[in-house]
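As a plain string of letters, each chain reads:
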Amino acid sequence: MAVIVALGAFLMTLAGGWTAQRVTDRRHLVLGLAGGLMLGVVGLDLLPEAMHAAGREVFGVPLALLLFVAGFLVGHVVERLLAVRQAAHGAEDGTRVPQVGLTAAAAMVGHSLADGVALGAAFQVGGGMGLAVALAVITHDFADGFNTYTLTRLYGNDRRKAVLMLFADAAAPVVGAASTLLFTLPEEPLGAYLGFFGGVLLYLAAAEILPEAHHEHPALSTLMCTVGGVAGIWLVVGLAE
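Residues numbered from 1 in each chain as written. Predicted model: local features only at pLDDT ≥ 70, side-chain atom pairs only at ≥ 80, totals over all residues. Heavy atoms only, no water.

K.L.:
Explain the packing of aromatic side chains here, please?
P.N.:
We describe a pair of aromatic rings using the distance from one ring centre to the other and the angle between the two ring planes. Counting across every chain of the model gives one aromatic pair. With a centroid separation of 5.2 Å and an interplanar angle of 90°, the aromatic rings of Phe-72 and Tyr-203 are classed as edge-to-face. One end of the pair, Phe-72, is in helix H3 (residues 63–88); the other, Tyr-203, is in helix H7 (residues 187–215), and 131 residues separate them in sequence. (Phe/Tyr/Trp six-rings, centres within 6.5 Å; stacked < 30°, edge-to-face > 60°. Helix = DSSP H or I, 4+ residues; strand = E, 2+ residues; numbered from the N terminus.)

Here it is in C-alpha cells:
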C-alpha cells in the first residue's frame, strides 16, 4: 500500500516542477511562493515531527533542535566555501554558484527519500497513521517538486539538470517506501535527520530564495505569495492531523 501511495507522490512532485517551469515570466512570484512553502514545511511540518521523533536531550537541548541549528550552519558554510572557490576562479561578485543549487536539490531528493521511508514506516504502525502521513506526503511533494526545480535553476544550472533533479526527487519517495518492505526504521534517527534537513532548508529560504524574490520586485504580490505558501502548508498539516 505504501508503494502505491508513493506513486501518487511521484506524480505530485512532477506536477510541482511543471508548474515552476511554466511561470518563468513571473520569477519573483515563483521565488516568493517557494520561500513561503519551504518556511512552512520547515516550521510547521519537519521541525515538529523531528522534535517528536528525536525527543531526547543533549546537554539540556533537544537533539532535533541541535541538529536543526547544525543544518543551518552547514548550509551557510557550504555556500560560503563554494562562493570563495568560485571567486578564486575569477567569478564576479554576485555570481550564483551552480553547485549550490545542485547540492540544495540533492538535499531535497534526500528529504523525499525520507518522506517515502516515513510513509512506509507509518503503514507499518497502522492504517490510520499511514493515511494521515500519506495525505501530508502527497500534498507537500507538490511543493518539493516546485522547490527542487526552482532551486536548481536559481543558481544558474540549465533546464536539463533541473529536470533530471526533478525526476530524481519524484522517484525518491517510491524508493524510500519500497525500502521499508525490507526493514523496520527506528524513530529517533529519522527525527534527527529531519531536524538537520530542516535547518538546511531554513537557511536556503531565509538567506537565498526570499532575498532574491524581493531584490528586483519588492511588490506586495511577492509578499502575498510567501504568506500564501506558509498558509498552504499550514492547511495541509492541519488536514493531515
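K.L.:
How should I be thinking about a nonpolar patch on the surface in this particular structure?
P.N.:
A cluster of nonpolar side chains, namely Met-51, Val-58, Phe-59, Val-61, Leu-65 and Leu-66, defines an oily patch on the protein surface of about 520 Å² accessible area. Looking at where Met-51 falls in the secondary structure, it is placed in helix H2 (residues 27–53). Overall, Met-51 belongs to the partly exposed group, its relative accessible area being 33%. (Patch = residues over 30% accessible without salt bridge, like charges linked within 9 Å, V, L, I, M, F, W, Y side chains within 5 Å. Areas by Shrake-Rupley, 256 points an atom, 1.4 Å probe, with all protein chains shown as cover. Salt bridge = Lys/Arg side-chain N within 4 Å of Asp/Glu carboxyl O. Buried < 20%, exposed > 50% of the residue type's maximum accessible area, 1.4 Å probe, protein only.)

K.L.:
Before we go on, may I ask you to explain the side chain of Thr-148 in this structure?
P.N.:
Position of Thr-148 among the secondary structure elements: in helix H5 (residues 127–154). A polar side-chain atom of Thr-148 sits 2.8 Å from the main-chain carbonyl oxygen of Asp-144. (Polar contact = N/O pair within 3.5 Å; in protein donor to acceptor, adjacent residues only side chain to side chain.)

K.L.:
Where do I start with the nonpolar core in this structure?
P.N.:
Side chains of nonpolar character tend, in soluble globular proteins, to be buried together. Met-38, Leu-46, Phe-146, Leu-151, Leu-201, Leu-204 and Ile-209 are the most contacted members of the largest nonpolar core, which has 41 residues in total. At the level of elements, H2, H3, helix H4 (98–125), H5, helix H6 (159–179), H7 and helix H8 (220–240) are the ones that each hand at least two residues to this core. The residues contacting Leu-204, other than those within four sequence positions of it, are Met-38, Ala-104, Tyr-155 and Ile-209. By size, the runner-up hydrophobic cluster in this structure holds seven residues, among which are Val-5, Ala-6, Leu-119 and Ala-134. (Core = buried A, V, L, I, M, F, W, Y, C linked by side-chain atoms within 4.5 Å. Contact = heavy atoms within 4.5 Å.)

K.L.:
How should unusual backbone geometry be read in this particular structure?
P.N.:
Note: most residues except glycine have negative phi, and most peptide bonds are trans. Unusually for a residue other than glycine, Phe-59 sits at a positive phi of about 55°. Mapped onto the elements of the fold, Phe-59 is located in the loop between strand S1 (57–58) and strand S2 (61–62).

K.L.:
Explanation requested: H6 in the structure shown.
P.N.:
Counting along an α-helix, one turn takes 3.6 residues, and residues three or four places apart therefore face a common direction. When the terminal C-alpha atoms of H6 are compared, their 30 Å separation across 21 residues agrees well with the 30 Å that a helix rising 1.5 Å per residue should span. The sharpest bend along H6 reaches about 30° and sits at Ala-171, with the proline Pro-173 one to four residues further on. Of all the positions in H6, only Ala-162, Val-163, Met-165, Leu-166, Asp-169, Ala-170, Ala-172, Pro-173, Val-174, Gly-176 and Ala-177 are classed as buried. Backbone nitrogen of Arg-160 and a side-chain oxygen of the N-cap are separated by 3.3 Å at the start of H6; the cap is Asp-158. (Expected span 1.5 Å × (residues − 1). Bend = angle between axes of the 7 residues up to and from the residue.)

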